[in-house]
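# Residue-level structural notes
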Amino acid sequence: MSIQSTIKRKTAPDIRARKNGEPIVMLTSYHAHTAALVDRHCDVILVGDSLGNVMHGLETTVPVTLDMMILQGRAVMRGSQHALVVVDMPFGSYEASKEQAFHSAVRILKETHCGAVKLEGGARMAETVAFLSERGIPVMGHIGLTPQSINTLGSFRAQGREENSWEPIENDANAISEAGAFSVVIEAVAEPLARKITETIAIPTIGIGASAACDGQVLVLEDMLGLSPRTPKFVRRYGDLGPMIEAAIEGYAKDVRSRAFPGPEHVYGMKAKG
Ligand code: KIV
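As a starting point, this report considers the structure included with it. (Residues numbered from 1 in each chain as written. Predicted model: local features only at pLDDT ≥ 70, side-chain atom pairs only at ≥ 80, totals over all residues. Heavy atoms only, no water.)

## Points about the overall build of the protein chain
Operational definition: Numbering of helices and strands starts at the N terminus; helices are DSSP runs of H or I of at least 4 residues and strands are runs of E of at least 2. We call two residues contacting when some pair of their heavy atoms lies within 4.5 Å. Where accessible areas are quoted, they stem from the Shrake-Rupley method and a 1.4 Å probe; at the residue level, only the protein chains shown are allowed to cover.
Along the backbone of the protein chain there are twelve helices and eight strands. Its C-alpha atoms give the protein chain principal-axis dimensions of about 80 × 55 × 35 Å. Long-range pairs, those at least 24 residues apart, make up 58% of the contacts in the protein chain between residues at least 6 apart in sequence. When the accessible surface of the protein chain is split by element, carbon and sulfur atoms take 55% of a total near 14700 Å².

Here it is as structure tokens:
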């Protein structure tokens, strides 16, 4: 008899079916404990390569490796039960060829058991998206501002501000959708363009700094909790946990230094001798 989990996780087709339906709620997580919290409220958990910035203090996501993504992907899978877990393909793990992308994506799926991968790039990645999708690997696209390309972009600037710059981004969205991606993240794109793309393409759009016109939204968890030293302007903070954590640490340090730290009697009901 086979042992099957009775808990059903959301799948890439479930998310694909949400086009023009209930908005898709997505947040990042890189750890088992935050994944358990996010899992209660979100449809999708993204193990984003933003872990390079958030967990490791890197300036960009360029140095993030496949091993780093797999390690945190496994932690998030252990912490969650319901949400679709999507793991980012890091810079250098998929761009060289569709075969390279396939091998990297297979490692991610086999070693983490997550349900899908995400990769950056539009029309230039369409052939790869089709190659993976046709071979059993659900792909989420990522267009607009693509942070892995920071060294050619020069800065993390919003995209498509002027109408005459919309065409390449629209082409990217169409190419990714037609290639078989199940959804696409649109980052830092002006509202009229995000709306136009959302109304045009067949798959759900998930916005980050791309307005409420998208089919869903994603934020970096630490940004919306007020835990990141620098957050993009478009991020709405839903909490301010930095000062709360610091106050707790300060209280602990004060207790230890003043010898007010509770001893074992606190736990075992013993009185200290003497
Ligand atoms: O790495 C990440 O967290 C992302 C989101 C910003 C969409 O790609």
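More follows now that the structure is in view.
## A closer look at the sheet that holds strand β4 (residues 116–118)
Cut-off, in case you're wondering: DSSP calls a pair of strands paired once it identifies at least 2 bridges connecting them. Structural elements are reduced to axes, namely lines fitted to C-alpha atoms, with helices fitted over the stretch in contact, and the angle between N-to-C directions of any two is expressed from 0 to 180 degrees.
If you walk around this closed barrel you meet the eight strands as β1-β2-β3-β4-β5-β6-β7-β8, and the pairing is parallel. Here the strands of the sheet are splayed against their neighbours by 25° on average, with no regard to which way each runs. Pairing geometry for strand β6 (residues 183–187) and strand β7 (residues 205–208), over four bridges, is parallel. Within the sheet, the bridge partner assigned to Glu187 lies in β7 and is Ile208. Here helix α8 (residues 166–179) sits on the sheet and contacts β5 (139–144) and β6; the angle it forms with β5, its principal contact strand, is near 175°.

## Focus on the nonpolar core
For the record, the criterion: To qualify as a nonpolar core, a set must consist of buried Ala, Val, Leu, Ile, Met, Phe, Trp, Tyr and Cys residues joined through side-chain atoms within 4.5 Å. When accessible area is computed with a 1.4 Å probe and restricted to protein chains, residues below 20% of their type maximum are described as buried, those above 50% as exposed, and intermediate ones as partly exposed.
Formed by 57 residues in total, the largest nonpolar core has its most connected members in Val85, Ile108, Leu119 and Leu132. In this structure Ile108 touches Leu66, Ile70, Val87, Asp88, Met89, His113, Cys114 and Val117, once residues within four positions along its chain are discounted. Judged by nonpolar contacts, the second largest core, of 15 residues, contains Met26, Val44, Leu46 and Met140.

## A closer look at the pattern of salt bridges
This is how it is decided: Basic side-chain nitrogens of Lys or Arg form a salt bridge, by our definition, when they fall within 4 Å of a carboxyl oxygen of Asp or Glu.
A complete count under the given rule lists 14 salt bridges for this structure. Two residues, Lys98 and Glu99, come together in a salt bridge whose shortest N-O distance is 3.8 Å. Since its relative accessible area comes to 25%, Lys98 is described here as partly exposed. Glu111 is the salt-bridge partner of Arg107, the closest N and O atoms lying 2.8 Å from each other. Placement of both Arg107 and Glu111 in helix α5 (residues 98–112) is noted, with a separation of four residues, approximately one turn of the helix. Classification of Glu111 by relative accessible area gives partly exposed; the value is 32%. Via salt bridges that share partners, Lys10, Arg18 and Asp43 belong to a single interconnected network.

## So, empty space enclosed by the protein
Cut-off, in case you're wondering: Computed over the protein atoms alone on a 1 Å grid, cavities are sets of points where a 1.4 Å probe fits but cannot get out and pockets are open sets with protein on both sides within 12 Å along at least five of seven lines; a residue lines them when it has an atom within 4 Å of a point. Grid points are joined across faces, edges and corners, and a volume is the space filled by probe spheres set on the points.
Summed over the entire model, instances satisfying the criterion amount to one cavity of 30 Å³ or more. When its volume is computed, the largest cavity comes out at roughly 30 Å³. Every residue along the wall of the largest cavity is listed here: Glu170, Asn174, Lys196, Ile197, Thr200 and Ile201. If you list the elements that add at least two residues to the lining of the largest cavity, you get α8 and α9 (191–200).

## Notes on helix α2 (residues 32–39)
Note the threshold: Directions drawn from the helix axis to the C-beta atoms are what define this arc.
For α2, the set of buried residues is Thr34, Ala35, Val38 and Asp39. Here the buried residues of α2 occupy an arc of 140° about the axis, which is enough to place them on one side. Elements in contact with the buried residues of α2: β1 (24–28), β2 (44–47), α4 (66–79) and α10 (221–224).

## A few points about the pairing of β6
A regular strand carries its side chains on alternate faces of the sheet. How we decide: When the strands point away from the viewer, a crossover counts as right-handed if the path from the first strand over the helix to the second runs clockwise.
Among the five residues in β6, five count as buried, and that is most of the element. Neither face of β6 is open: one carries Ser183, Val185 and Glu187, the other Val184 and Ile186, and all of them are buried. A crossover links β6 with its parallel partner β7, the connecting element being α9, and its sense is right-handed.

## Thoughts on the environment of Thr28
The following threshold applies: Think of a polar contact as two N or O atoms within 3.5 Å of one another; within protein, one of them needs to be a possible hydrogen donor and the other a possible acceptor, and neighboring residues in sequence only count if both atoms come from side chains.
Considering the arrangement of structural elements, one finds Thr28 in strand β1. In the structure, Thr28 is positioned 14 residues away from Cys42 in sequence and 9.9 Å away in space, judged by C-alpha atoms. Beyond its immediate sequence surroundings of up to four residues, Thr28 is in contact with Val38, Ile45, Leu46, Ser50, Leu219, Val220, Leu221 and Glu222. At 2.8 Å, the side chain of Thr28 and the backbone nitrogen of Leu221 are in polar contact.

## Focus on the layout of surface pockets
Any empty space left between atoms is shown by rolling a water-sized probe over those atoms. Put simply, the rule is: Classes in brief: Ala, Val, Leu, Ile, Met, Phe, Trp, Tyr, Cys and Pro nonpolar; Asp, Glu, Lys and Arg charged; the others, Gly included, polar.
Roughly 1200 Å³ of volume is contained in the largest pocket. Lining the largest pocket are 45 residues, with Phe156, Glu187, Asp223, Arg230 and Pro232 positioned closest to its centre. Put simply, the parts of the chain that give the lining of the largest pocket at least two residues each are α3 (51–54), β6, β8 (216–219) and α10. By residue class, the composition of the lining of the largest pocket is 20 nonpolar, twelve polar and 13 charged. For the second largest pocket, the calculated volume is near 260 Å³. Around the second largest pocket, the lining is made up of 15 residues, and of these Leu27, Gln217, Val218, Leu219 and Tyr238 lie nearest the centre. At the level of elements, β1 and β8 are the ones that each hand at least two residues to the lining of the second largest pocket. A per-element tally of the lining of the second largest pocket places β1 first, with four residues.

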